Amino acid sequence: MSEPGRTALPEPKLNAVVTLRDEISPWLIILRVAADGWALPDFRPGQFAVIGLPGSAPRGTLALPEEHPSDPDKLIRRAYSIASSSLTRQYMDFYVALVTSGALTPRLFSLQIGDRIWLGPKIAGMFTFDQVPAAESVVMIATGTGLAPYMSMLSTHLMCGGPRRIAVLHGARHSWDLGYRSQLMTLQHLCGNFTYLPTISRPADEPTPWVDAAGYVQDLWTNGALDRSWGFHPTPENTHVFLCGSPAMIDGAVELLGREGFKEQTKKEAGQIHVERYW
Ligand SMILES: Cc1cc2nc3c(=O)[nH]c(=O)nc-3n(C[C@H](O)[C@H](O)[C@H](O)COP(=O)(O)OP(=O)(O)OC[C@H]3O[C@@H](n4cnc5c(N)ncnc54)[C@H](O)[C@@H]3O)c2cc1C
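In what follows, the accompanying structure is described.

The rules behind these values
- Residues numbered from 1 in each chain as written.
- Predicted model: local features only at pLDDT ≥ 70, side-chain atom pairs only at ≥ 80, totals over all residues.
- Heavy atoms only, no water.
- Buried < 20%, exposed > 50% of the residue type's maximum accessible area, 1.4 Å probe, protein only.
- Helix = DSSP H or I, 4+ residues; strand = E, 2+ residues; numbered from the N terminus.
- Pairing = 2+ DSSP bridges.
- Right-handed = clockwise from strand over helix to strand, strands pointing away.
- Contact = heavy atoms within 4.5 Å.
- Near = heavy atom within 4 Å.
- Polar contact = N/O pair within 3.5 Å; in protein donor to acceptor, adjacent residues only side chain to side chain.
- Areas by Shrake-Rupley, 256 points an atom, 1.4 Å probe, with all protein chains shown as cover.
- 1 Å grid on protein atoms, 1.4 Å probe; cavity = no way out; pocket = protein on both sides within 12 Å on 5 of 7 lines; lining within 4 Å.
- Sits in = over half its atoms within 2 Å of the grid points.
- Nonpolar A, V, L, I, M, F, W, Y, C, P; charged D, E, K, R; others polar.
- Salt bridge = Lys/Arg side-chain N within 4 Å of Asp/Glu carboxyl O.

Moving on: the pairing of strand 8 (residues 166-172). Of all seven residues making up strand 8, seven are buried, and the element is well covered by its neighbours. Burial along strand 8 is two-sided: the residues Ile166, Val168, His170 and Ala172 and Ala167, Leu169 and Gly171 are all buried. By the bridge criterion, six bridges tie strand 7 (residues 137-143) to strand 8 in an arrangement that is parallel. Paired with alanine 142 across the bridge in strand 8 is histidine 170. In this fold, the crossover linking strand 7 to strand 8 by way of helix 2 (residues 148-157) has right-handed handedness. Inspection of the sheet shows strand 8 paired to strand 9 (residues 194-200) by seven bridges, in the parallel sense. Within the sheet, the bridge partner assigned to alanine 172 lies in strand 9 and is isoleucine 200. Following the chain from strand 8 across helix 3 (residues 181-190) to the adjacent parallel strand 9, one finds a crossover that is right-handed.

Structure (structure tokens):
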């Protein structure tokens, strides 16, 4: 539907295909998308792409009705961090959480293998290793699907057994919301310089007793869990920290790290805190 007196531009055609749909839980999926007849662009680990579906695409069964119904002819587009390796040329993976009241995610959750989707050819984002000196340690802190860019970063930047230490601190509600857990546990087992610290906020819901950490993901920084694994407490002199996911976690972590002398990296100023806000 276009405004009267205005000629609407034709919507871009759905130029990509879903080649895998991995359901982590009813509210979390990994979508694998392959370009159909064009070459995927290069990207740096940590960057994001834009994907989209028309308003006419069906909404999944867990979705709430839309407060403002989407135009069936228009593409609904949103940014998603690329979770797959920058070395993989065949597809891009996206780790997506269902927002039941949202415009796009209920439609993404209805997709099946072979369905068409729009994938923007332009990749963007500054949430990368570009400003991290090669010798410095890296702590990646995420809530929920904020883990996505780290999976891409690890696949490119983790040199197993190498001199750089990398830690992933991942917070979720339940153990079944900890996507990529088995891959991260395997990496930790294989690579002495890699640490994986998951934490859940609702241990009472677990079907079997939860033996790992419980509470906010930032607690893993303050309660010494990371220090015990590394044998030292990270400082701005030896460590860069990445933060990705919910605004509450990011605000809390920036404040906490700021008290220890860490500064946020901006376009104008160098710093050791790198931030990607999802909303
Ligand atoms: C750079 C960037 C990268 C992103 N990467 C990812 C990613 O890898 N995976 C991912 O799932 N999302 C990611 N997002 C968020 C994504 O772009 C959408 O905002 C999200 O999927 C909701 O889209 P929607 O159309 O369903 O909801 P909308 O109709 O756009 O409603 C958005 C509202 O839902 C809430 N919301 C948005 N995201 C969440 C969430 N994850 N959990 C709870 N509430 C939320 C906020 O209140 C927000 O205002 C990213 C956002 C940015 C800016």
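Structure's up, so let's keep going.
All right, on to the side chain of threonine 143 then. Along the chain, the position of threonine 143 falls in strand 7. Apart from residues no more than four positions distant in its own chain, threonine 143 is found in contact with His170, Gly171, Val217, Cys244, Gly245, Ser246 and Met249.

Our focus in this paragraph is the site of the ligand. Around the ligand, the surrounding shell holds 20 residues, and the nearest of these are Arg78, Ala79, Tyr80, Leu104 and Thr105. A distance of 2.9 Å separates an oxygen atom of the ligand from a polar atom in the backbone of alanine 103. A distance of 2.6 Å is found between an oxygen atom of the ligand and a side-chain nitrogen or oxygen belonging to threonine 105. For the ligand, whose unbound accessible area comes to 890 Å², protein coverage reaches 74%. At a threshold of 2 Å from the grid points, most atoms of the ligand map onto the largest pocket. Among the elements of the structure, strand 4 (75-81), strand 5 (92-97), helix 1 (105-108) and strand 12 (273-277) are those that each provide at least two residues to the shell around the ligand. Looking at side-chain class alone, the shell around the ligand contains 13 nonpolar, four polar and three charged residues.

Under the criterion given, the structure shown has nine salt bridges. Here arginine 21 and glutamate 23 are joined by a salt bridge, their closest N and O atoms 3.0 Å apart. The exposure class assigned to glutamate 23 is partly exposed, which follows from its relative accessible area of 45%. Among the ionic pairs, glutamate 66 bridges to arginine 59, the shortest N-O distance being 3.7 Å. A network of salt bridges, in which partner residues are shared, links Arg59, Glu66 and Arg107.

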